[in-house]
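# Close look at the chain arrangement
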Amino acid sequence: MSKILITSALPYVNGVPHLGHMVGCLLPSDVYARFNRMLGNEVLYICGTDEHGTPSEVGAAKEGMDIGEYCTKYHNRHKEAYDAFNLSFDYFGRTSSLQNEEITYHIFEQLDKNGYIEEKSIKQIFSVDDNRFLPDRYVTGTCPHCGYDKARGDQCENCTKVLEPTELINPRSTISGSTNLEVRETKHLFLKLPLLEKRLAEWVKTKEPFWPDVAYSIAQKWLKEGLQERCITRDLKWGFSVPKPGFEGKVFYVWFDAPIGYIGITKQWADEKPAERDWKSWWLGAKDVRYIEFMGKDNVPFHSISFPATLLGTGEDWTFV
């Protein structure tokens, strides 16, 4: 009997769940989980709502709700929908949980201790009309690579290129639609991906026989182009506060804590029955675990580059896909 850890891409909590969520990642991962259980394997199948970042703030503002209450409302709607389809998650949790906060802080502190975190002043878009800095998803504009006119400030959904808001052509505020924007200086923390590039490239190379061609080729494309330092903090109110002096009022970037959410949600599951369940036996020093991820192609760079690099940088024996 084998131990099979299965994670499905975490649906954004904002809005009502739809068939796209089901067809893209949830049904395939559910079929795979059921198949492995039929084979007699020990399966842990984890999913949950991705609750931090701009989409939640914007959604809550549109409905005039407290953001925490908004996320609870839509987490429950997601869970009810997936229960109605009889999806066989062992646990459906939340990335905003105390357990995920605890593990995110631990991983950040290990990265900082090991020299993989850098403080930098950067230029960021400020909306004069909204009187605030605009994190990446609060900015929409034209992609400089493919010309798509609804590209977000973090990624173009048309060509999948990862972006910075200042790269967008004709940018506008997602909040108000205002084009009265300025570029101002602000301080943030960065993950020093170039220092992890060699180790990551060696790890990715071992995955060629196992990963789908599209996932492997996307990872290799990123590595061949050369990794850049990646900002892991944002000027938002909703999220995990950055536990570092001088960064009060900032939170971690959703794409930093959301993949860690797979681990945090597993800890939620384990904390319900601590005498029976141990999350570390799946995630730390778990040599007998085979880990399978299900996701859409726009998630690939974060799961094949950013998330494994984050885990590598801790120097700890985490479970890798």
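One structure accompanies this document, and this report is about it. (Residues numbered from 1 in each chain as written. Predicted model: local features only at pLDDT ≥ 70, side-chain atom pairs only at ≥ 80, totals over all residues. Heavy atoms only, no water.)

Before going further, it helps to spend a moment on the sheet that holds strand β8 (residues 169–173). Within a beta sheet, neighbouring strands are joined by backbone hydrogen bonds and run either parallel or antiparallel to one another. Read across the open sheet, the three strands follow the order β7-β6-β8; overall the sheet is antiparallel. On the outer flanks of this sheet lie β7 (151–152) and β8, each paired with one strand and no other. Pairing of strand β6 (residues 139–142) with β7, which is carried by two bridges, proceeds in the antiparallel orientation. Bridge pairing in β7 links T140 to R152. (Pairing = 2+ DSSP bridges. Helix = DSSP H or I, 4+ residues; strand = E, 2+ residues; numbered from the N terminus.)

The tally for this structure, following the rule as stated, stands at 17 aromatic pairs. For the ring pair Y82 and F92, a centre distance of 5.5 Å and an interplane angle of 70° mean the geometry is edge-to-face. With Y82 in helix α3 (residues 67–84) and F92 in strand β3 (residues 91–94), this residue pair connects regions lying ten residues apart in the sequence. Each member of the pair, Y82 as well as F92, carries the same accessibility label: buried. On the basis of an interplanar angle of 70° and a centroid distance of 6.4 Å, the ring pair of Y105 and F240 is categorised as edge-to-face. Highlighted residues: Y105 in helix α4 (residues 98–113) and F240 in the loop between β11 (233–234) and β12 (251–252), separated in sequence by 135 residues. Pair check on accessibility: Y105 and F240 agree, each one buried. (Phe/Tyr/Trp six-rings, centres within 6.5 Å; stacked < 30°, edge-to-face > 60°. Buried < 20%, exposed > 50% of the residue type's maximum accessible area, 1.4 Å probe, protein only.)

What follows deals with the environment of Q99. With respect to the element layout, Q99 can be found in helix α4. For the pair Q99 and D257, spaced 158 residues apart in sequence, the C-alpha to C-alpha distance is 11 Å. Excluding its chain neighbours within four sequence positions, the residues that come into contact with Q99 are G264, K267, Q268 and D271. At 3.2 Å, the side chain of Q99 forms a polar contact with the side chain of D271. (Contact = heavy atoms within 4.5 Å. Polar contact = N/O pair within 3.5 Å; in protein donor to acceptor, adjacent residues only side chain to side chain.)

Right, let's talk about empty space enclosed by the protein for a bit. Applying the stated criterion across every chain yields a total of three cavities of 30 Å³ or more. Space inside the largest cavity adds up to approximately 90 Å³. Lining of the largest cavity is provided by L191, R230, I232, Y253, W255, F256, F302, S306 and T310. Residue assignment for the lining of the largest cavity shows that the elements contributing at least two residues are α7 (254–272) and α9 (300–314). For the lining of the largest cavity, the per-class residue count stands at six nonpolar, two polar and one charged. Estimates place the volume of the second largest cavity at around 50 Å³. Lining of the second largest cavity is provided by G53, T54, P135, D136, R137, R234, L236, Y253 and V254. For the lining of the second largest cavity, the class distribution of residues is four nonpolar, two polar and three charged. (1 Å grid on protein atoms, 1.4 Å probe; cavity = no way out; pocket = protein on both sides within 12 Å on 5 of 7 lines; lining within 4 Å. Points joined across faces, edges and corners; volume = space filled by probe spheres on them. Nonpolar A, V, L, I, M, F, W, Y, C, P; charged D, E, K, R; others polar.)

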